[in-house]
Amino acid sequence: MKKLNKDKRFIEESFPVKEVSFESAREKNIRNGHISTLHIWWARRPLASSRATSYAALIPAVSSDDKKEFDKKRDFIIKFSKWKNSLDQSMIDEAREDILKANNGKPPKVLDPFGGGGAIPLEALRLGCETYSNDYNPVAVLIQKCTLEYPQKYGKPFKIKNNPSTLFPELKKQETLDFDSKTVPNRLLYDVEKWSNWVLKETKKEIGKFYPPEPDGSIPVGYIWARTIPCQNPSCGAEIPLMRQFWLANKKNKKVSLFPYIEGKRVYFKIVGNDYEKMPLGFNPAQGTIAKAIATCPVCGAVIDAKTTRKLFQEGKAGQRMIAVILRKKNNQSGNNYKGKKYRIATDKDIQIFKEAEIYLKGKRERLMLKSEIDPLPTEAIHTPDGKEYKPGNLLYNFIPVVLYGLTRWSDLFNARQKLVLVILVENVKQAYNRMIKEGIDNNYAKAIISYLGLVVDRIADKNSILCRLISQTEAIGFTYSRQALSMLWDYIEMNPMEHSSGWNVIIKETLANLKHCSYFRNTYTTITQSSATSLTYSDNFFDAVFTDPPYYDNVPYADLSDFFYVWLKRTLGNLYPELFSTPNTPKSKEIIAELPLLRGMKKEEAALLIKEIKTKEKFEEMLKKSFQEIYRVLKPNGIVTIVYAHKSTEGWETLINSLIDSGLVVTASWPINTEMHARLRAHESAALASSIYIVARKTKREPTGFYNNIKEELKTYLYKKLERLWSEGISGADFFIAAIGSAIEIFGKYEKIM
């Protein structure tokens, strides 16, 4: 019988890779109650893999010779990784009991020094651990507070003095209240919903007039806009509406498109397709007027190259034009029983109303600036490598190409009415807090309520910028951050957030569902800190486990991407969180990232010499090593670490391996877990990774010397056995190659030097 080290953990011996991979990938399609619906955070780990790996790392290993017990634990991990079982109290209790038993009856202290969107610490909390989470980014810290602290502190039953159905009749439609008693099952849910309705009501009262209903009662829920440039043919000079395509609805049973036609030197539009004028023969709605910044004039056929297109934008010669209005029937009382969205061409009246909103914004901004030191509009510059507002010819990051088109400040990413609605929402959220305080609500509790409303405003901004496209296949709105970049968009959809099906009410509903899920763990909450992972505030040998998902080399520029949200949160919540939102943009000096590969506009070697602060591969490795050394320092001698990593480049893996080895941590196991649905992978990019590697490490002494020939044979034997198993688990392609790297670290990483 195989003899096991009594301190060996289940994850160091075995793990149900295939089954947990399936649940992790499947989780991408789950919305109701999932933390991903609270606020965007990039590369957030699946709850399924976070839960399964954390549990497997906190319970003792079972010998495969004891097949009955081994299969029992393995099956439990598989079953517990399913979303439908994430709130199964009997399973949670069993998992907690197993963990307590393995830790001498005490909840283990668990840290995530790169807490990010909160997935890993939430699962540690679910498992009954004494949980600590940290992040350097203020936006991430706020998301964690709304995921790991406030629901657990305040999401409890509460007796109310008045009948809530009388005070707030609209709440009767929701699930947050029990109207058969005067007890609110979850006070935080009730108050977030109550005050969100107040904010929406006040916002409609002030600016609803800028979204007037149609004579038949239809509500405008969106507007289609196109950026414009003048044709450069001297004999033409027509205004070119820049549109990547003309589809409005491209569904199986609904085909509706804009159709451009010419009268004189002006491009006009009409709507064609199902229930409209017949689509003309030979017309292809997929062929627009611009592709890859190369524009074609519909009037004369002249082609404008990409460089000239960018120059026209930079010189302020580009404009925008409202093309169409999207309508939805709020109810069918008028007898017009059409379903779904309808479209019409924008009129002079629509444009006049927009101009009135523009004038109102100007006055509102002036009035607010008299009362505040901060401009209500986020006029901060989009961050560039030299820290200055972008000018043509300067260095930029490859994930912010919008600056090439003159969009150099965060306020440039919104049209006038989009700015207005965000400014009013911010103001009303702040007023809601003042009303709470006047009503005698505790300051800290009011702060918690308002934090959720601040995140909702953020999500409105994400769904209502000039970088949001209409997804014709679903008639839905694509977010600003549909990719991890700020890419230029030629035509966009402006949303009426007070009425659109992706607007305020739906976001609140998703927020409440998320809050309800997180409130389930009421016995304890997470201690959340904001600091660099290179200098943790905890004493030596403090934690039983560290489970974390560190930065992946150059994969995600978190600080730069989150500035989009930071500038609005600073205006909404800055007075309540001065420790988080006091700087112009997110702090970046201590962010662990390899910036150099992300530069555009100069050779990397020259940029490294020119900008001393730029983070090179060596700087990234140095900072990552420091963070791993801190993990080593705060970990107890018998503690365990899991580190999630995913990068397809050898440079990314080289920095991770070097940092791990130099930290003193010794890798004891590694498992590739598929976190992407196959349909989501880029079909034509074979290097795309579906898996993240979960590396297990210990604070143990390395063997002093390993001999190359011996290690070579050991590697050959071990890799053959491990990879054969992973192949049978469905790991293939680029993931198979990366899995081999993870497995190899287990062998050569246990030696101090190799001869």
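Quick summary incoming for the structure in this document. (Residues numbered from 1 in each chain as written. Predicted model: local features only at pLDDT ≥ 70, side-chain atom pairs only at ≥ 80, totals over all residues. Heavy atoms only, no water.)

1. Here's the deal with the sheet that holds strand β24 (residues 691–698)
Strand order in the open sheet made by the seven strands is β19-β2-β1-β20-β22-β24-β23, with mixed pairing throughout. Two strands in the sheet have a free side with no partner beyond their single neighbour: β19 (527–530) and β23 (666–674). If you compare each strand with its neighbour and ignore which way they point, the axes differ by 15° on average. As paired elements, strand β20 (residues 543–548) and strand β22 (residues 635–645) share five bridges and run parallel to each other. Bridging from a neighbouring strand, V546 pairs with V641 of β22. Across the sheet, helix α7 (residues 138–154) touches β2 (130–135) and β19, and the angle it forms with β19 is around 175°. Set on the sheet, helix α18 (residues 650–663) makes contact with β22, β23 and β24; between it and β22 the angle comes to about 180°. (Pairing = 2+ DSSP bridges. Helix = DSSP H or I, 4+ residues; strand = E, 2+ residues; numbered from the N terminus. Axes fitted to C-alpha atoms, helices over the stretch in contact; angles between N-to-C directions. Contact = heavy atoms within 4.5 Å.)

2. Some details on the sheet that holds strand β7 (residues 247–250)
A sheet is described by the order of its strands in space; here three strands give the open sequence β7-β8-β9, paired in antiparallel fashion. Among the strands making up the open sheet, the edge pair consists of β7 and β9 (266–273). Across the sheet, the mean angle separating the axes of adjacent strands is 25° when strand polarity is ignored.

3. Quick look at unusual backbone geometry
The residue A43 is not glycine, and still its phi comes out positive at about 55°. The residue A43 is located in the loop between α2 (17–26) and α3 (47–58) in this model. With phi around 70°, A293 is a residue other than glycine that occupies positive phi space. As for its position among the elements, A293 is in the loop between β10 (290–291) and β11 (294–296). On the accessibility criterion, A293 (3% relative accessible area) is buried. (Buried < 20%, exposed > 50% of the residue type's maximum accessible area, 1.4 Å probe, protein only.)

4. Quick notes on the packing of aromatic side chains
What the rule picks out here adds up to 40 aromatic pairs. Ring geometry for Y132 against F543: centres 5.2 Å apart, planes inclined by 75°, an arrangement best described as edge-to-face. Separated by 411 residues along the polypeptide, Y132 in strand β2 and F543 in strand β20 bring together distant segments of the chain. Residue classification places Y132 among the buried positions, given a relative accessible area of 9%. Exposure remark for F543: the relative accessible area of 0% places this residue in the buried category. Taken together, a centroid distance of 6.0 Å and an interplanar angle of 55° make the contact between F313 and W490 tilted. One end of the pair, F313, is in helix α10 (residues 306–314); the other, W490, is in the loop between β17 (476–477) and β18 (491–495), with 177 residues separating them in the sequence. For F313, a relative accessible area of 6% puts it in the buried group. Look at W490 and you get buried, because its relative accessible area is 9%. Each residue in the set W41, W42, W410, F414, Y481, Y558, F564, F565 and W568 is aromatic and connected to the rest through ring pairs, giving one cluster. In this structure, K255 is placed above the aromatic ring of W247, and the distance from its NZ or CZ to the ring centre is 5.7 Å. Seen from the ring of Y223, R417 lies directly overhead, with NZ or CZ sitting 4.1 Å from the centre. (Phe/Tyr/Trp six-rings, centres within 6.5 Å; stacked < 30°, edge-to-face > 60°. Lys NZ or Arg CZ within 6 Å of the ring centre and 35° of its normal.)

Any link to function would need more than the numbers given here.
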